[in-house]
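Letter by letter, the chains look like this.
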Amino acid sequence: MKLLHTADWHLGKTLKGQNLLDDQEFILKEIFKIIDEEKPDAILIAGDVYDRGVPPAEAVNLFDETLNKLAEKKIPTLIIAGNHDSTTRLNFGSKLFERQKIFIASKLADEPAQVVLEDKFGEIYFSLIPYFEPGEIRAKFFGEDSERLTYNAANKFYVDLARKKIPAGKRSVAMAHVFLTGGEESESERKFVGGAANVDAQIFNDYDYVALGHLHRPQKYYSGSPLKYSFDEANHKKSVTIVNIFDKEDDVVIKKIPLTPRRDVRVETGTLAELRKIPRTEDYICARLTERVINPQDKLANIFPHLLSVEFDLPHENFSDNAPKQFREGGSHLDYFADFFKDQTGEDLNEEYREAMGEFLSKIGKEE
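Here is what the cut-offs are and how they apply
- Residues numbered from 1 in each chain as written.
- Predicted model: local features only at pLDDT ≥ 70, side-chain atom pairs only at ≥ 80, totals over all residues.
- Heavy atoms only, no water.
- Pairing = 2+ DSSP bridges.
- Helix = DSSP H or I, 4+ residues; strand = E, 2+ residues; numbered from the N terminus.
- Axes fitted to C-alpha atoms, helices over the stretch in contact; angles between N-to-C directions.
- Contact = heavy atoms within 4.5 Å.
- 1 Å grid on protein atoms, 1.4 Å probe; cavity = no way out; pocket = protein on both sides within 12 Å on 5 of 7 lines; lining within 4 Å.
- Points joined across faces, edges and corners; volume = space filled by probe spheres on them.
- Nonpolar A, V, L, I, M, F, W, Y, C, P; charged D, E, K, R; others polar.
- Salt bridge = Lys/Arg side-chain N within 4 Å of Asp/Glu carboxyl O.
- Phe/Tyr/Trp six-rings, centres within 6.5 Å; stacked < 30°, edge-to-face > 60°.
- Buried < 20%, exposed > 50% of the residue type's maximum accessible area, 1.4 Å probe, protein only.
- Patch = residues over 30% accessible without salt bridge, like charges linked within 9 Å, V, L, I, M, F, W, Y side chains within 5 Å.
- Areas by Shrake-Rupley, 256 points an atom, 1.4 Å probe, with all protein chains shown as cover.
- Expected span 1.5 Å × (residues − 1).

Caption draft 1: How the structure looks around the sheet that holds strand 6 (residues 102-105). Reading across from one edge, 6-5-4-1-13-14 is the order of the six strands in this open sheet, with mixed pairing throughout. Looking at the sheet topology across the chains shown, the edges are occupied by strand 6 and strand 14 (253-258). Across this sheet, the average inter-strand angle for adjacent strands is 20°, counted without regard to direction. In the sheet, strand 4 (residues 42-46) pairs with strand 5 (residues 77-80) via four bridges, with the strands oriented parallel. Residue L44 lies in a different strand from strand 5, and its bridge partner there is L78. The strands touched by helix 2 (residues 57-73) within the sheet are strand 4, strand 5 and strand 6, with strand 5 carrying the most contacts at an inclination of about 150°.

This is how it looks when you write it as structure tokens:
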């Protein structure tokens, strides 16, 4: 059986205020091209369909259109909720969708959701394990007076419960939205304190394949997000995962198929002169300047029309924040500012900054 594993679409997400819906619509078309070429027997969407619990209407419409296209292709599609999804909203219409072979598991159930598909080798059992908080497992299965559970203990309990429904010797696939210990994180993922949310990969050992969501970098068990959702992800190679599961005695064969976005997400580092030598691009850019520049957005707008962020990566002298500040006596306001600037940055105020600040201070003096 051939599976297409994807996750973390985050429909409705923005990047530094930039609406990404057009980019998401574009990348979903890319995924549909892969579906047409690879002809998978089932599609797995491992959580975080939306970026927030109350997604914008345009994001809901895009997902609605996507589900309709999948239903037209008559490919079984299995979907679970992630930590960004609203379980109630994602669950809407799920009973009706089952008639179109679209299976959605967004909430905890007394018995974990299970879908059974069949190929020439027999049945494959799919355990659909949506994201949940440990307290939900505790309240539903043990009562409020019971001991608190860790994320690992809660997930192990629910996975073990799912395994009870799978006959011995049958092939099986787990879908979940968790952070496995040792996974590589990105800035755009919702952070938890310390390692509190960590889950041990061993709880999934009895499955032939584990389709996870939550981490945006493609890696073992994770398909990753289809788009770069932070500049921290600029070096990611986004993809979907194609999984071939053969007979029980055969290996599972996995391959990554790269995705090409409408616009890339890039970090460009250098002086202003160096950045201005870069060919004009429509990509989303974070400019990391190695020198102080006044109004860098204006000076880079022609080259980077989608400049979303400017950062300064400056060499600092070794000085302590707690060291006594020594400022010259009897200087002008501009001299005091120059001393303050050097104290804060470790650099001398350059001529461009000095001239601009001089004009500003002169204007203030006239107004007074």
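Caption draft 2: Quick peek at empty space enclosed by the protein. If you walk through the whole model with that rule in mind, you get four cavities of 30 Å³ or more. The computed volume of the largest cavity comes to approximately 90 Å³. Looking at the largest cavity, it is lined by 13 residues, and the ones nearest its centre are Y131, Y151, H177, V178 and F179. For the lining of the largest cavity, the class distribution of residues is nine nonpolar, four polar and no charged.

Caption draft 3: Expanded view of the pattern of salt bridges. Going through the model one piece at a time under the given rule, you end up with 18 salt bridges. Linked through salt bridges whose partners overlap, the residues forming this network are K2, E38 and K255.

Caption draft 4: Spatial organisation of the packing of aromatic side chains. Under the defined criterion, the tally for this structure stands at six aromatic pairs. Ring centres of Y50 and F63 lie 5.7 Å apart, and the angle between their planes is 75°; on these two criteria the pair is classed as edge-to-face. On the criterion of sequence distance, the pair formed by Y50 in the loop between strand 4 and helix 2 and F63 in helix 2 is long-range, its members being 13 residues apart. The exposure class assigned to Y50 is buried, which follows from its relative accessible area of 8%.

Caption draft 5: The arrangement of the pairing of strand 1 (residues 2-6) in detail. Taken across its five residues, strand 1 has five buried, putting it largely inside the fold. Along strand 1, one buried face is formed by K2, L4 and T6 and the opposite face, lined by L3 and H5, is buried too. Sheet analysis places strand 1 next to strand 4, joined by four bridges and oriented parallel. By the bridge assignment for strand 4, T6 is matched with I45.

Caption draft 6: Fine view of a nonpolar patch on the surface. Residues F121, F246 and V253 make up a contiguous nonpolar surface patch of roughly 230 Å² in combined accessible area. Along the chain, the position of F246 falls in the loop between strand 13 (239-244) and strand 14.

Caption draft 7: Spotlight on helix 2. End to end, helix 2 covers 25 Å across 17 residues, agreeing with the expected 24 Å (1.5 Å per residue, within 8%). Restricting attention to buried positions, one finds in helix 2 the residues A59, L62, F63, T66, L67, L70 and A71. Close packing links the buried residues of helix 2 with helix 1 (21-38), strand 4, strand 5, helix 3 (87-91), helix 4 (94-98) and strand 6. Phi for K74, located one or two positions after helix 2, is positive at around 60°.

Scope: geometric values only; no functional claims are made or implied.
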